[in-house]
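Remarks on the overall topology
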Amino acid sequence: MTTAAILTAAGSGTRLGHVLPKALVPLAGEPLVVHAARRLASCGVVDLVVVPAPGDHLAAFESVLSAADLGVPVTVVTGGMSRQASVAAALATVPPDVDVVLVHDAARSLAPSSLAERVVQAVRAGRRAVVPGVPVPDTVVEVGPEGPTAVEDRVPGTVATAGATAELVTGNPDRSVLRSVQTPQGFDRALLDRAHAAGAHRAGDESLAATDDASLVAALGEPVHVVPGDAAAVKITTPRDLALARLLLEEHG
Ligand SMILES: Nc1ccn([C@@H]2O[C@H](COP(=O)(O)OP(=O)(O)OP(=O)(O)O)[C@@H](O)[C@H]2O)c(=O)n1
Ligand SMILES: C[C@](O)(CO)[C@H](O)COP(=O)(O)O
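Residues numbered from 1 in each chain as written. Chains lettered and ligands numbered in written order. Predicted model: local features only at pLDDT ≥ 70, side-chain atom pairs only at ≥ 80, totals over all residues.

**Description of the site of ligand 2**
- What surrounds ligand 2 is the set Arg-83, Asp-105, Val-181, Gln-182, Thr-183, Thr-211, Asp-212 and Lys-235.
- Across the shell around ligand 2, the residue classes tally to one nonpolar, three polar and four charged. (Near = placed C-beta within 6 Å. Nonpolar A, V, L, I, M, F, W, Y, C, P; charged D, E, K, R; others polar.)

Printed below as a string of structure tokens:
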């Protein structure tokens, strides 16, 4: 029984707007990727970590991860054009004896070790695809285009202004059955291999690529299970998220 963790870190972090790739941006003196890798490595159920990173920064990633002395083997590989492609590139290097794979985002740097442990336990208990999920606090709606007559029918002459700024609500899903999905996500290795092989044609185009690995599994018609997520596993996307992560770290470590 061997578990590998793929820690995606090949994104550029456009929305964070830092001069460094997002995963190298420091938080309390350590790069985001090190925070995430340390928490994975110390969960006690991860045997090796593979980090897909931007091709022009491989040496920097190797250097910070080796200096962190994580206690499990860590390899850095060149990532791809989309998150999906980066995971596929890393998965191709995972040794054949690995039977469970976690896929985690360096951008969810403060996801606690207990979350990785919970996900691996669920996979080892027989659930072959597992994601952490948290309840959605807002009312969520589905939207579509207003259409040319949506407003004019009611208030003649107003469609040009209203149509430029509004969408039409097309669905009101029941919030109690919605979950925000986090990482790390955990998979039976053979199932994850099959899901990536079947979805490979989508990986090269960001607009078609899967936004997570569980949706590739779901596309096969296979079940995906949800375990409780963790508020600390927020995704650091914008400067505001980084400020929030700083506060979380000060409060909870
Ligand atoms: N080609 C890519 C794109 C993203 N990621 C990783 O996928 C995770 C989630 O992506 P996101 O938070 O959107 O990061 P970026 O793509 O870097 O952000 P942005 O869209 O603002 O550039 C991150 O850990 C990121 O490094 C990756 O490994 N390879
Ligand atoms: C995998 C993920 O973190 C689950 O919520 C999310 O889908 C990543 O999305 P991104 O667009 O690559 O940031």
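**Re the site of ligand 1**
- Around ligand 1 there are 22 residues in total, and Ala-10, Gly-11, Thr-14, Arg-15 and Ser-86 lie nearest to it.
- Considering only residue class, the shell around ligand 1 consists of seven nonpolar, ten polar and five charged.

**Notes on helix α6 (residues 189-198)**
- Buried within α6 we find Arg-189, Leu-192, Ala-195 and His-196. Angularly, the buried residues of α6 cover 125 degrees about the axis, an arc narrow enough to put them on a single face. For α6, exposure combined with an orientation more than 90 degrees from the buried face picks out Ala-190 and Ala-197. (Buried ≥ 20, exposed ≤ 12 C-beta atoms within 10 Å, placed from the backbone. Helix = DSSP H or I, 4+ residues; strand = E, 2+ residues; numbered from the N terminus. Arc of directions from axis to C-beta.)

**A short note on the domain arrangement of the protein**
- Looking at the assigned domains, one finds that the protein contains domain 1 (3-134 + 179-252) and domain 2 (142-171).
- In this structure, domain 1 and domain 2 have C-alpha centres spaced 40 Å apart. (Domains from an automatic or database assignment.)

**Details of the packing of helix α3 (residues 83-91) against α6**
- Two numbers describe how α3 lies on α6: the axes approach to 11 Å, and their chain directions differ by 130 degrees. In terms of orientation, α3 and α6 fall into the oblique class. In this structure, the crossing between α3 and α6 has a hand that is left-handed. Touching Val-87, Ala-88 and Leu-91 of α3 are Leu-192, Asp-193 and His-196, all from α6.
- Classifying every residue of the contact of α3 with α6 gives four nonpolar, one polar and one charged. (Axes fitted to C-alpha atoms, helices over the stretch in contact; angles between N-to-C directions. Parallel < 35°, antiparallel > 145°, perpendicular 65-115°, else oblique. Left-handed = near helix turned anticlockwise from the far one by under 90°. Contact = placed C-beta atoms within 7 Å.)

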